[in-house]
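Structure assessment
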Amino acid sequence: MSIKIGVSGAAAEAVGRIVPQLVSDLVASRITDQDETLWGPDAEAEAGKRLGWTESIVVSRPLVDDILALRHKLRADGVDHIVLGGMGGSSLAPEVITRTEGVALTVLDSTSPGQVLAALNDRLASTAVVISSKSGGTVETDSQKRVYEQAFRDAGIDPIDRIIIVTDPGSPLDISAREAGYRVFNADPNVGGRYSALTAFGLVPSGLAGVDIKRLLDEAEAVSLELAQDIPSNPGLVLGAAIAGTRPLKNKLAIVADGTHILGFADWAEQLIAESTGKNGTGLLPVVFGIDAPELSADLPDLQVVRLVGDWNDTKEVEEGEIEITGTLGAQLLTWEYATAVAGRLLGINPFDQPDVESAKVAARGLLDARPEPAAPLFVAEGVEVRGAVAEHATTLDAAFEALFDQLSDTGYVSVQAYVDRVSHPDFEKLRNLIAEKTGRPVTFGWGPRFLHSTGQFHKGGPAIGVFLQILSSEPHDLEIPDRPFTFGQLIQAQAAGDATVLGEHGRPVLTLTLTEPANGLATLARALG
């Protein structure tokens, strides 16, 4: 068996109660048959053009030889470093695929000037860049394409030989790239970005980097028949019922990698579930944990623990109230996609739209057009500029934190959003555990702006129970975007400010901390958290 799931406690009760109904309603076979009526009349129009992922294995097979042929040509030309410019599902799937296979891929899913510069300065002479954008109009990927085109030209390299495009057929990027002569791979337009792991978006960068993408599709195919059958053991039905059917609903999912060979899977699952279910005031909030997460020993009644385990034989029994799942990477990707679609049906929402993602983009574009002076900080302490109405009466960093956490309810969560260079400052993730220890509540951590394309949907459209900590940094060097009236530094600042504005309009408390000395920032914040 390519995948196996164990459930206990509330999850087991949900599976026993719900799966027979899902089987009677023929939910699995109807998903496979792309029946858009499964999620109600309001969702039919969107679902009708977003279920292509159920046949991604068949549709993607013909791409494999083309991808491998291009990889061979690039290697023959001395090009062995692949950079991926993509956001959300377009970058998170290739990241987990390549990490799991131990294959190097530089994932550039940031507008941080420092992170972009680091990528540009890394082996440019032997680099090829995959620019992935479903819509073809994503500002981040457009900016990355422009800056790499300029860098290649400056180095005497023709960008046509080094940039590969992945986009939907007929998108603005598809049209302009073909006119310019770029190599283009079209993805299935009937697949949303977060469900695109087994399409060109997942396969092109992974295959060019060196992954055995045929085997990945084989792994998914091995579980596909079971996922399509209306049977009680269907892992998609079991997992969907376990995560979305508990009574009362455990609406926070602690996703823990515990001995599995699959690396980074929780980050991919986080964006799939949060963006698919976080709307209409409901949803499931995935929380990516390490095995040392404080929340795991806190006995939180609204937290469901999902463990991604390695060898099933090493697991004697599922701990009370937990879900354990093991399987190959390809099988896991397809199973979680089915389970998320099932969860949408159980929650009564459309799992294929993202109505609140666009609002932050609009706000950021407005700020880029106007480019107002940044709001004056409430105060500056220890090299940290403090902004946000939630801290209007604070005069110290620890008081600002207290003001934010005072808004946290017994069912709430803290979202840490780090708009910083994650390559230079990976340790900022340590804030997650520090804040969880201090608040006793689940804490998510997202690198900005990439989370705006995924969990950002839940933040605005899900339950109004989050409090938000934005961390920005002053970077020593900015970077121009060719033929654009703004820089990368201005872009990332506008994205953070735009999201803060939209969160505030939704009544969410936001505290924004700008680090004027990023090298000392983590230590300063840790001291203030006490």
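Everything numeric in this text was worked out from a predicted model, so none of it was measured. (Residues numbered from 1 in each chain as written. Predicted model: local features only at pLDDT ≥ 70, side-chain atom pairs only at ≥ 80, totals over all residues. Heavy atoms only, no water.)

Here we look at the packing of aromatic side chains
Considering all chains together, one arrives at 12 aromatic pairs under this definition. A centroid spacing of 5.9 Å and a plane angle of 65° characterise the contact between Phe265 and Trp336, whose relative ring orientation is edge-to-face. A residue pair is termed long-range when its members are at least 10 positions apart, and Phe265 in helix H12 (residues 265-277) and Trp336 in helix H13 (residues 329-347) qualify at 71 residues. (Phe/Tyr/Trp six-rings, centres within 6.5 Å; stacked < 30°, edge-to-face > 60°. Helix = DSSP H or I, 4+ residues; strand = E, 2+ residues; numbered from the N terminus.)

Describing the pairing of strand E4 (residues 127-133)
If a strand is regular, its side chains alternate between the two faces of the sheet. The buried fraction of E4 amounts to 7 of the 7 residues, a majority that puts the element mostly inside the structure. Alternating residues of E4 divide into Thr127, Val129, Ile131 and Ser133 and Ala128, Val130 and Ser132, and every residue in both groups is buried. Bridging between strand E2 (residues 81-85) and E4 involves 5 bridges; their strand directions are parallel. Pairing of His81 across the sheet is with Thr127, part of E4. In terms of strand pairing, E4 meets strand E5 (residues 163-167) through 5 bridges, oriented parallel. When the bridges of E5 are listed, Val130 appears paired with Ile164. One crossover worth recording links E4 to the parallel E5 by way of helix H7 (residues 139-154), and it is right-handed. (Buried < 20%, exposed > 50% of the residue type's maximum accessible area, 1.4 Å probe, protein only. Pairing = 2+ DSSP bridges. Right-handed = clockwise from strand over helix to strand, strands pointing away.)

Focus on the side chain of Thr199
Residue placement: Thr199 occurs in the loop between strand E6 (183-186) and helix H9 (200-209). Given a relative accessible area of 4%, Thr199 falls into the buried group. Residue contacts for Thr199: discarding those within four places in its chain leaves Ser56, Ser60, Ala187 and Val191. (Contact = heavy atoms within 4.5 Å.)

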